[in-house]
Amino acid sequence: MSTPRFLTLPGTVRSRRLATGRGLFAVLESTPPSAVPSLGTAVLVPGFTGSKEDFIALGDPLARRGFHTVSVDQRGQHETAGPADPAAYSRDALVADVLAIADAVAPGESIHLVGHSFGGLVGRSVALRAPDRLASLTLMSTGPAAICPDEVTRLLMLEEVLPALSRQEVWDAMRAVELEAGLLPPTDPAIAAFVHARWLGTTPEGLLGMAEQLRTEPDRVAELAALVAAGLPALVVSGAEDYAWPLPWQAAMADRLGVPHVVIPDTHHSPNVESPDATAAVLADFWARVAAYADRA
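About the cut-offs
Residues numbered from 1 in each chain as written. Predicted model: local features only at pLDDT ≥ 70, side-chain atom pairs only at ≥ 80, totals over all residues. Heavy atoms only, no water. Salt bridge = Lys/Arg side-chain N within 4 Å of Asp/Glu carboxyl O. Helix = DSSP H or I, 4+ residues; strand = E, 2+ residues; numbered from the N terminus. Buried < 20%, exposed > 50% of the residue type's maximum accessible area, 1.4 Å probe, protein only. Pairing = 2+ DSSP bridges. Axes fitted to C-alpha atoms, helices over the stretch in contact; angles between N-to-C directions. Contact = heavy atoms within 4.5 Å.

### Structural notes on the pattern of salt bridges
Per the stated rule, a full pass over the model turns up 19 salt bridges. Where R14 meets E29, a salt bridge forms, and the shortest distance between an N and an O atom there is 3.1 Å. Of this pair, R14 sits in strand β1 (residues 13–20) while E29 sits in strand β2 (residues 23–30), placing them 15 residues apart in sequence. The partly exposed category is assigned to R14, whose relative accessible area is 45%. Look at the salt bridges and you will find they share partners, linking K52, E53, D73 and E79 into a network.

### Describing the pairing of β1
As paired strands, β1 and β2 are joined by eight bridges and run antiparallel to one another. Opposite V13, over in β2, you have S30 as the bridge partner. In this structure, the hairpin formed by β1 and β2 is closed by a connection of two residues.

### Topic: the sheet that holds strand β4 (residues 67–72)
If you trace the eight strands from one edge of the open sheet to the other, you get β1-β2-β4-β3-β5-β6-β7-β8, paired in mixed fashion. Of all strands in the sheet, those with a lone pairing partner are β1 and β8 (261–264), marking the two edges. Strand-to-strand twist in this sheet, taken as the mean axis angle between neighbours without regard to direction, amounts to 25°. Along the sheet face, helix α2 (residues 91–105) touches β1, β2, β3 (40–45), β4 and β5 (111–116) and points at about 110° away from the line of β1.

Structure below.
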């Protein structure tokens, strides 16, 4: 679970409801200042148990580099409504949501797509379905297939208790396990309250659907590599220590794709939260290279 370090929106960032052909989505949108030339639009997709706030620290530095960014709550996450039907959270549905968001924020234009963790699996599926909609794809803290075995065990436990207990009861149980492991809650009461509210606001059926996908995801790297070979710019970004998909897995994925692999120092599973300035610089530099190459083509 990514935990933002702050919640106050920076100057270029606003919170709003985005109307799309597939309903309303809660987003954080950052727009370049008037004096900064616009270089394109990026859509940022969070991971399992995450939310748009996982990218709150990226919006302002990316806007000041000229990039319009939209980070989203996927269906059923935090402030985006989702139905009480596990089938509504299929990969096809989540991909269609991202494409509808892209159509709403950048009609007729290709977007830079960033997927963090589970969001990276969704992003890969978006690329495989509609590569022409993407200016680039960044896979952040995600892997080639299913999540690592230790995390599969935790997901199976969660899938067992979610239908039987209330979200508050599950929350209390998770907090007890974390405290026993020496993991302390956020010291800032506002951040602690936000993380709690986010969990309570996330649809259980969405959690179940995403959990199943995380532990059963097939290896589709070869399919994506074919798109990269055909011209789709892509990048793999990792934390230096990742518990979900080990760093060697992510490095091997980048090698199979034939794309750069950037490791953000002193970070774990969420470099977007743990080192946002360095992560924003990596993204902006990559997108600027993509734009420069497109201009020359």
